[in-house]
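Secondary and tertiary structure notes
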Amino acid sequence: ERDKSTLFTPEIRAAIDKHIAKYPSEWRQSAVMPALTLVQDANGGWLTQALMDDIAVYLDMPPMSVYEVATFYGMYDLEPQGRHKVCVCNSISCMLQGSEELIEHVEHKYGVKPGETTADGRFTLKEVECLGACRDAPAVLLDKTYHEKLSPDALDKLIDDLE
Ligand code: FES
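Rules used in this analysis
- Residues numbered from 1 in each chain as written.
- Predicted model: local features only at pLDDT ≥ 70, side-chain atom pairs only at ≥ 80, totals over all residues.
- Heavy atoms only, no water.
- Helix = DSSP H or I, 4+ residues; strand = E, 2+ residues; numbered from the N terminus.
- Buried < 20%, exposed > 50% of the residue type's maximum accessible area, 1.4 Å probe, protein only.
- Contact = heavy atoms within 4.5 Å.
- Areas by Shrake-Rupley, 256 points an atom, 1.4 Å probe, with all protein chains shown as cover.
- Polar contact = N/O pair within 3.5 Å; in protein donor to acceptor, adjacent residues only side chain to side chain.
- Phe/Tyr/Trp six-rings, centres within 6.5 Å; stacked < 30°, edge-to-face > 60°.
- Lys NZ or Arg CZ within 6 Å of the ring centre and 35° of its normal.
- Pairing = 2+ DSSP bridges.
- Axes fitted to C-alpha atoms, helices over the stretch in contact; angles between N-to-C directions.

Considering the overall build of the protein chain
When its secondary structure is counted, the protein chain shows eight helices and four strands. Going from the N terminus to the C terminus, the protein chain shows its helices and strands as α-α-α-α-α-β-α-α-β-β-β-α. Along the first, second and third principal axes, the C-alpha atoms of the protein chain reach 50 × 35 × 25 Å. Across the 163 residues in the protein chain, those meeting the buried criterion constitute 45%. A sequence separation of at least 24 residues applies to 62% of the contacts in the protein chain between residues at least 6 apart. Total accessible area on the protein chain is roughly 9,200 Å²; 53% of this is exposed by carbon and sulfur atoms.

Considering the side chain of His84
Summarising the element assignment, His84 is placed in strand β1 (residues 84–89). Judged by relative accessible area, His84 falls into the buried class, the value being 14%. Separated by 2.6 Å, the side chains of His84 and Asp143 make a polar contact. Leaving out residues up to four positions away in the same chain, His84 has contacts with Arg122, Phe123, Thr124, Asp143, Leu162 and Glu163.

Some points on the packing of aromatic side chains
A full pass over the atoms with the stated rule returns three aromatic pairs. Ring centres of Phe72 and Tyr73 lie 4.9 Å apart, and the angle between their planes is 85 degrees; on these two criteria the pair is classed as edge-to-face. The exposure class assigned to Phe72 is exposed, which follows from its relative accessible area of 65%. Their ring planes at 80 degrees and their centres at 5.3 Å tell us that Tyr110 and Phe123 sit as a pair that is edge-to-face. Separated by 13 residues along the polypeptide, Tyr110 in helix α7 (residues 99–110) and Phe123 in strand β2 (residues 123–128) bring together distant segments of the chain. When the ring centre of Tyr58 is taken as origin, the NZ or CZ atom of Arg28, which lies over that ring, is 5.1 Å away.

Examining the sheet that holds strand β3 (residues 140–142)
The strand order across the open sheet formed by four strands is β2-β1-β3-β4, and the pairing between neighbours is mixed. The outermost strands of the open sheet, each flanked by one partner alone, are β2 and β4 (145–147). If you compare each strand with its neighbour and ignore which way they point, the axes differ by 20 degrees on average. Against the sheet, α7 makes contact with β1, β2 and β3, and its axis sits at roughly 155 degrees relative to β2, the strand it touches most.

So, in structure tokens, the structure goes:
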């Protein structure tokens, strides 16, 4: 487990403060999603319970409410992740346009199922809900970048470029 005092850094708190400043002061909790994102990014792509507890204290909210947000939204992960996240949308539009084929392809070629990380730690495969890019299905969110109308070959090229 991380050291509480070192990972919830002044830099992270300052970045969270910028989000808090967008809302009236009694609404600190409104910053919970950006706070989770900032902390997750700083912690190698996942959230520990201790970090979520830090967020709860900082935003003056019950820890349970922070866990609820973190578990409800697919972009937060509560387990260690690979260096990259390959998030394949598997909602209806993408499914109709071949997202299952993409997932199966990655499963076979790289030996990971959704939720698993490659043995070399290069990436975690995730199956996610609608990414809001349905018109250009199938869509994949690779770390923070959206890729649309992907074929298995095109996805391979993206994965090949990952460190
Ligand atoms: Fe895949 Fe909406 S269904 S982006």
